Number of protein chains: 4
Amino acid sequence: MADVSPRADAARNRSLLLAAAVAEFAEHGVDAPVAAIARRAGLGKGTVFRHFPTKDDLVAAIVCDRVTRLTALARDLGTAADAGAALLEFMTSAARERQRLDLSFLTGDLGSEVTSAQAELSEAVTALVDRARERGAVRDDVTGTDVLVLMCVPNDVVKHLPGAPAQLWERYLAILFDGLRPEGAHPLPQPPPA
Amino acid sequence: MADVSPRADAARNRSLLLAAAVAEFAEHGVDAPVAAIARRAGLGKGTVFRHFPTKDDLVAAIVCDRVTRLTALARDLGTAADAGAALLEFMTSAARERQRLDLSFLTGDLGSEVTSAQAELSEAVTALVDRARERGAVRDDVTGTDVLVLMCVPNDVVKHLPGAPAQLWERYLAILFDGLRPEGAHPLPQPPPA
Amino acid sequence: MADVSPRADAARNRSLLLAAAVAEFAEHGVDAPVAAIARRAGLGKGTVFRHFPTKDDLVAAIVCDRVTRLTALARDLGTAADAGAALLEFMTSAARERQRLDLSFLTGDLGSEVTSAQAELSEAVTALVDRARERGAVRDDVTGTDVLVLMCVPNDVVKHLPGAPAQLWERYLAILFDGLRPEGAHPLPQPPPA
Amino acid sequence: MADVSPRADAARNRSLLLAAAVAEFAEHGVDAPVAAIARRAGLGKGTVFRHFPTKDDLVAAIVCDRVTRLTALARDLGTAADAGAALLEFMTSAARERQRLDLSFLTGDLGSEVTSAQAELSEAVTALVDRARERGAVRDDVTGTDVLVLMCVPNDVVKHLPGAPAQLWERYLAILFDGLRPEGAHPLPQPPPA
DNA sequence: TATGAATGAGATTTCATTCAT
DNA sequence: TATGAATGAAATCTCATTCAT
């Protein structure tokens, strides 16, 4: 009990830093200087490096957090009555999350922690997609990995239109999801990635 | 005569530089140092700045070139017999182009030249889409701007999968295009962007 | 009684810290971070600064300790039967000590405590050398200060040969001591330092 | 001819930098900041890194220069009439050189260029010592490598005495050289290093 | 008293851009 | 006109030291 208080402080600062980093990255991209993040968090530059020895570690922490939350969501939705609606809701929530910050959490080597978090997410999403496919809610030839990469689309797309309204991603998610439905599906020219 | 050869030289250097920049950006991203581009072109660093006063100008020139070529393609396809196939071919060619270098040519302020080139592209693509929509080849509620942003998707998506096969983008273009077809289209939650 | 145990604790920590610092400096040089010393001692970083307000103070304490021990040794040997053998043994022990950690304890301003310890060592070594010289064990023109600086040689020399065997210093101490003997001594071009 | 002038400038700056680095290292040790060297040379910080991509490269260049000059000297003296005097002169010159800056040029991995320069020096000094030994000018059991490491002694020793007169090293070189003479040589306890 | 979180000055290094030759 | 040397403003990261708990 006695040693909780200093740690509470450190935990609070860690949160402050993550929030500041998310905000700063959202505004200026991942090239935002660490100093700006520290300033935004109201902390010293060195404190950032105490919590995250490398800038990459900071990025990895954010990604990890995000991926973990998505995994939890996918698992929650894994037992929903309507498997198709569950998948759509997952993709919707994922896009809404990504609207805040679009760090691509699939690329690059961000360390083992992120890698295993990604593996868990992949598994959870695959389960979600498999179920939707079995119920005929999505086309036969779509896989969990497909959804994993496609769920980034709506936000990526909107990034290209600087002045666009905040909710525009919903439009493209809808178009994309129509492409995943069984109705009017044409055969795909390439096999799904591993 | 005397002043023709220097101009020919300058034009050749400009081409060399653009090619070198495309290659360098493709390999190392837009953060590739100007020095590397100069070296690759077999020219001095100062020559780069003589042709392109700023690194951004160099990027803008590449984007401009690319956009202009796409505009020409869109115009060529504007008279094809099958409007739907023409649109698909346009998006396919655009994706194939982008496979080489995925500078997002829609974002950011790259100067007036790029802006007007973008406007022309927008106009040409809108014509293409309008025609396809009138023939019933794509859904009623899709616009030229939609296609303009969506045609970046296949490559953007594949970027997230480092080890993926080179042609994987074809898979996602197919899914996406199925989403643009009239069959099984669900109403879209947001209006198209301007 | 009540205040005895904290003092005992403090003394123990001081020793732990000195030992850890010696080890760390030996492995990584004086640039070894204070944090590493604290970790090696199993103490907090703050504790280091409680005992030694400055990193320099920590270095000074080590030097002081070392110098004091050498002084004791020199005094012990001051009454030995064979004055020449006593001097050789002193230099041998000094070199062996220095093999563990070669902080040069003569250079720099390390504070008054070190300065006075150095003065005492100087006096003791001078006595040792004077006696050896009187007995004809060393050449006429050699002084205590000469020995003081020369006794660092064997280790300094070996430092230049990274892969050298641990005992190589003995070779160079032998050569050096031969240079201090009266046999075959040539006149020295410069007077001894103060 | 026409392209000599820009290079002349660069060469001059390179020399300026080397000189400034030697001076700065001599005053403040190798930990002297690169910025200080640049300032002393009257050049920008970036210019240092144009000439020497790394601080280590700068150190290596200095060492290389020094080693190369010593090699030339050793070779020059290799044909002198009096082999013993030649060796003494070599060690004297080496010490005088080192008096300006005592970068230990034997330790550490400074890159292949330095390594090969060191090898050449070693060979030249070995020739010098072998000849002296054959003429009976130095003791039987001394090698080129011994001299290579011992020639650093006089300066190392004097470093420990901050206020000492500039020529004090001559005194210790004399003592050391007496230790290398055949007269009064005692057997050495350790074999020579490779 | 002991701890270790926070600090911030400073070190190395990169790179777009300028300018003398 | 072409070159590449010079510049200096960041950016990342380290570490001695302070201070709240």
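Residues numbered from 1 in each chain as written. Chains lettered and ligands numbered in written order. Predicted model: local features only at pLDDT ≥ 70, side-chain atom pairs only at ≥ 80, totals over all residues. Heavy atoms only, no water.

### A closer look at the overall build of chain A
Moving on, step 1. Within chain A one finds nine helices and zero strands.
Moving on, step 2. Overall, chain A shows an N-to-C arrangement of helices and strands of α-α-α-α-α-α-α-α-α.
Moving on, step 3. In terms of overall dimensions, chain A has a C-alpha envelope of 60 × 45 × 25 Å along the principal axes.
Moving on, step 4. A total of 194 residues make up chain A; the buried ones form 46% of that total.
Moving on, step 5. In chain A, 69% of the contacts between residues at least 6 apart in sequence involve partners at least 24 apart. (Helix = DSSP H or I, 4+ residues; strand = E, 2+ residues; numbered from the N terminus. Buried < 20%, exposed > 50% of the residue type's maximum accessible area, 1.4 Å probe, protein only. Contact = heavy atoms within 4.5 Å.)

### With respect to the UniProt feature "domain: HTH tetR-type" (unreviewed entry) in chain A
Moving on, step 1. Residues annotated in UniProt with the feature "domain: HTH tetR-type" (unreviewed entry) correspond here to residues 11-70 of chain A.
Moving on, step 2. Helix and strand shares over residues 11-70 of chain A are 82% and 0% respectively, and the end C-alpha atoms of the span are 22 Å apart. (UniProt positions renumbered as here; feature names shortened; annotations may be inferred.)

### As for the packing of helix H9 (residues 168-180) of chain A against helix H9 (residues 168-180) of chain B
Moving on, step 1. Interaxial distance between H9 of chain A and H9 of chain B falls to 7 Å at its minimum, and their mutual angle equals 105°. With respect to each other, H9 of chain A and H9 of chain B are oriented roughly perpendicular. Contacts from Ile175, Leu176, Asp178, Gly179 and Leu180 of chain A in H9 of chain A reach Ile175, Leu176, Asp178, Gly179 and Leu180 of chain B in H9 of chain B.
Moving on, step 2. In terms of residue class, the contact of H9 of chain A with H9 of chain B is built from six nonpolar, two polar and two charged. (Axes fitted to C-alpha atoms, helices over the stretch in contact; angles between N-to-C directions. Parallel < 35°, antiparallel > 145°, perpendicular 65-115°, else oblique. Nonpolar A, V, L, I, M, F, W, Y, C, P; charged D, E, K, R; others polar.)

### Remarks on the relation of the copies chain D and chain C
Moving on, step 1. Least-squares fitting of chain D to chain C yields an RMSD of 0.4 Å, with the superposition described by an axial translation of 0.2 Å and a rotation of 178°. Taken together, the turn and the small shift mark the pair as related by a two-fold rotation axis. Within chain D, the C-alpha atom positioned nearest to the axis of rotation is that of Gly179 of chain D, 1.7 Å from it.
Moving on, step 2. Most of the interface of chain D is mirrored in chain C: 100% of its interface residues are interface residues there too. (Least-squares fit on C-alpha atoms with pLDDT ≥ 70 in both.)

### A short note on the pattern of salt bridges
Moving on, step 1. What the rule picks out here adds up to 44 salt bridges over all chains.
Moving on, step 2. Close ionic contact of Asp146 of chain B with Arg171 of chain A constitutes a salt bridge, the shortest N to O distance being 2.6 Å. Placement of Asp146 of chain B in helix H7 (residues 144-150) and of Arg171 of chain A in helix H9 is noted, with the two residues assigned to different chains. For the pair Asp146 of chain B and Arg171 of chain A, one class covers both residues: buried.
Moving on, step 3. Its salt-bridge partner being Asp141 of chain D, residue Arg139 of chain D comes within 2.9 Å of it at the nearest N-O pair.
Moving on, step 4. Using a relative accessible area of 1% as the deciding quantity, one classes Arg139 of chain D as buried. (Salt bridge = Lys/Arg side-chain N within 4 Å of Asp/Glu carboxyl O.)

### Notes on the UniProt feature "DNA-binding region" (unreviewed entry) in chain A
Moving on, step 1. Within this structure's numbering, the places UniProt gives as "DNA-binding region" (unreviewed entry) are residues 33-52 of chain A.
Moving on, step 2. In residues 33-52 of chain A, the share of helix is 75% and the share of strand is 0%. The end C-alpha atoms are 14 Å apart.

### Regarding the protein's contact with DNA strand F
Moving on, step 1. The immediate surroundings of DNA strand F are formed by 29 residues, with Thr47 of chain B together with Asn13, Gly44, Thr47 and Arg50 of chain D found nearest.
Moving on, step 2. At the protein interface, 62% of the atoms of DNA strand F within 4 Å belong to sugar or phosphate.
Moving on, step 3. Within the side chain of Lys45 of chain A, one N or O atom sits 3.4 Å away from a base nitrogen of DNA strand F.
Moving on, step 4. Residue Gly44 of chain B places a main-chain N or O atom 3.2 Å away from a phosphate oxygen belonging to DNA strand F.
Moving on, step 5. Only helix H3 (45-51) of chain A, helix H3 (45-51) of chain B, helix H3 (45-51) of chain C together with helix H1 (4-28) and helix H3 (45-51) of chain D provide two or more residues apiece to the surface near DNA strand F.
Moving on, step 6. Per-element accounting of the surface near DNA strand F gives the leading share, five residues, to H3 of chain D.
Moving on, step 7. Within the surface near DNA strand F, the residues separate by chemical class into nine nonpolar, 12 polar and eight charged. (Near = heavy atom within 4 Å. Polar contact = N/O pair within 3.5 Å; in protein donor to acceptor, adjacent residues only side chain to side chain.)

### A closer look at the domain arrangement of chain A
Residue and element names in this part refer to chain A.
Moving on, step 1. By the assigned domains, chain A splits into domain 1 (1-53) and domain 2 (55-180).
Moving on, step 2. Taken over C-alpha atoms, the centre of domain 1 sits 26 Å from the centre of domain 2.
Moving on, step 3. With 15 residues of domain 1 at the interface, the matching set in domain 2 holds 10 residues.
Moving on, step 4. With both chains or domains summed, domain 1 and domain 2 bury close to 1000 Å², and 80% of this area falls on carbon and sulfur atoms.
Moving on, step 5. When residues of domain 1 are sorted by the area they lose upon contact with domain 2, Val22, Phe25 and Phe52 head the list and together hold 44% of the total.
Moving on, step 6. Viewed at the interface, domain 2 and domain 1 are joined by zero salt bridges.
Moving on, step 7. Our enumeration of links across domain 1 and domain 2 arrives at two residue pairs in polar contact (both at pLDDT 80 or more).
Moving on, step 8. Per-element accounting of the side of domain 1 that touches domain 2 gives the leading share, six residues, to helix H1 (residues 4-28). (Domains from an automatic or database assignment. Buried area = accessible area lost by both parts, 1.4 Å probe.)

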